[in-house]
Amino acid sequence: MKITNEMKLTLLSRSVNESMARTAVAAFAAQLDPTLDELGDLKTAVSEAVTNCIVHAYPNGLGRVLITSKIYDNEVIEVIVRDTGCGIPDIERARQTLFTTGGPERSGMGFTIMDSFMDTLRVRSVVGKGTTVTMRKRLNVRYRSAQR
């Protein structure tokens, strides 16, 4: 696969920045002319990944959330959401439906939602160094831009 376009965005782990992240990735993906359902799935997955950074990665303060989005020549969009926070000690447990370390107000559905809306989901984490979530989705391109 060859990268045809790429975007990088860095935000502070403030809850107000979650909507900025999902909107920026959606605007970037728009060049592939996705369906509204595809766009909604992508935005929801990005929201969940960024919210995880905000809620779990930096429990005692602010940190950076780094988002990289790439479009490949086979109409696959990849979104990488990375933090340099506390890390996840047990990824398998964290990926279980309804598991959360965020308290009773959290549903524990973040990874489950990301997994259901994207074609692939990879989670890598090192305790004390941070977490990287890589998501990919093939879009059903309806129109090919002449600019590509």
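Data block above holds the structure.
Since the structure is predicted, the reported quantities are computational estimates derived from the model, not experimental observations.

A short note on the overall build of the chain
Per the secondary structure count, the chain includes 4 helices and 5 strands. Within the chain, the fraction of its 148 residues that count as buried is 43%. Taking the contacts inside the chain whose residues are at least 6 apart along the sequence as the reference set, 66% of them involve residues at least 24 apart. For the chain, the computed accessible surface area is about 8,100 Å², with 49% contributed by carbon and sulfur atoms.

A few points about unusual backbone geometry
Residue Asp33 is not a glycine yet carries a positive backbone phi of 55°. Here Asp33 lies in the loop between α1 (17-29) and α2 (36-57). Look at Glu75: it is not a glycine, yet its phi comes out positive at around 65°. Tracing the backbone shows Glu75 in the loop between β2 (64-72) and β3 (76-83). Taking relative accessible area as the criterion, Glu75 reaches 11% and is therefore assigned buried.

Remarks on the sheet that holds β2
Strand order in the open sheet formed by 5 strands is β1-β2-β3-β5-β4, with antiparallel pairing between adjacent strands. Whereas interior strands pair on both sides, the edge strands pair on one side only; in this sheet they are β1 (3-12) and β4 (120-126). When the angles between neighbouring strand axes are averaged without regard to direction, this sheet yields 10°. Sheet analysis places β4 next to strand β5 (residues 130-138), joined by 7 bridges and oriented antiparallel. Of the residues in β5, the one forming a bridge with Arg122 is Thr134.

Describing the nonpolar core
By size, the foremost hydrophobic cluster in this structure holds 33 residues, and its most contacted members are Ile67, Val79, Val81 and Met135. Contributing elements (two or more residues each) for this core: β1, α1, α2, β2, β3, α4 (110-117), β4 and β5. In terms of residue count, α2 provides more of this core than any other element does, 8 residues in total. Aside from chain neighbours lying at most four places away, what touches Met135 is Ala45, Val46, Ala49, Ile77, Glu78, Val79, Val81, Met114, Met118, Thr120 and Leu121.

Digging into the pattern of salt bridges
In total, this model carries 4 salt bridges according to the counting rule given. Note that Lys8 is salt-bridged to Glu6, the shortest N-O span being 4.0 Å.

Some details on α1
Taking 1.5 Å per residue, 13 residues should reach 18 Å; α1 reaches 18 Å between its end C-alpha atoms and fits that length. Within α1, burial applies to Asn17, Glu18, Ala21, Ala24, Val25, Ala26, Phe28 and Ala29. Where α1 is buried, its residues touch β1, α2, β2 and β3.

Observations concerning the pairing of β3
In terms of burial, β3 is a largely internal element, 7 of the 8 residues being buried. As paired elements, β2 and β3 share 7 bridges and run antiparallel to each other. Paired with Leu66 across the two strands is Arg82, which belongs to β3. Hairpin geometry of β2 and β3 is characterised by an intervening segment of 3 residues between the two adjacent antiparallel strands and by a positive phi of about 65° at Glu75. Note that β3 and β5 share 7 bridges and pair antiparallel. Following the sheet pairing, Val76 is matched in β5 by Arg138.

About the cut-offs
- Residues numbered from 1 in each chain as written.
- Predicted model: local features only at pLDDT ≥ 70, side-chain atom pairs only at ≥ 80, totals over all residues.
- Heavy atoms only, no water.
- Helix = DSSP H or I, 4+ residues; strand = E, 2+ residues; numbered from the N terminus.
- Buried < 20%, exposed > 50% of the residue type's maximum accessible area, 1.4 Å probe, protein only.
- Contact = heavy atoms within 4.5 Å.
- Areas by Shrake-Rupley, 256 points an atom, 1.4 Å probe, with all protein chains shown as cover.
- Pairing = 2+ DSSP bridges.
- Axes fitted to C-alpha atoms, helices over the stretch in contact; angles between N-to-C directions.
- Core = buried A, V, L, I, M, F, W, Y, C linked by side-chain atoms within 4.5 Å.
- Salt bridge = Lys/Arg side-chain N within 4 Å of Asp/Glu carboxyl O.
- Expected span 1.5 Å × (residues − 1).

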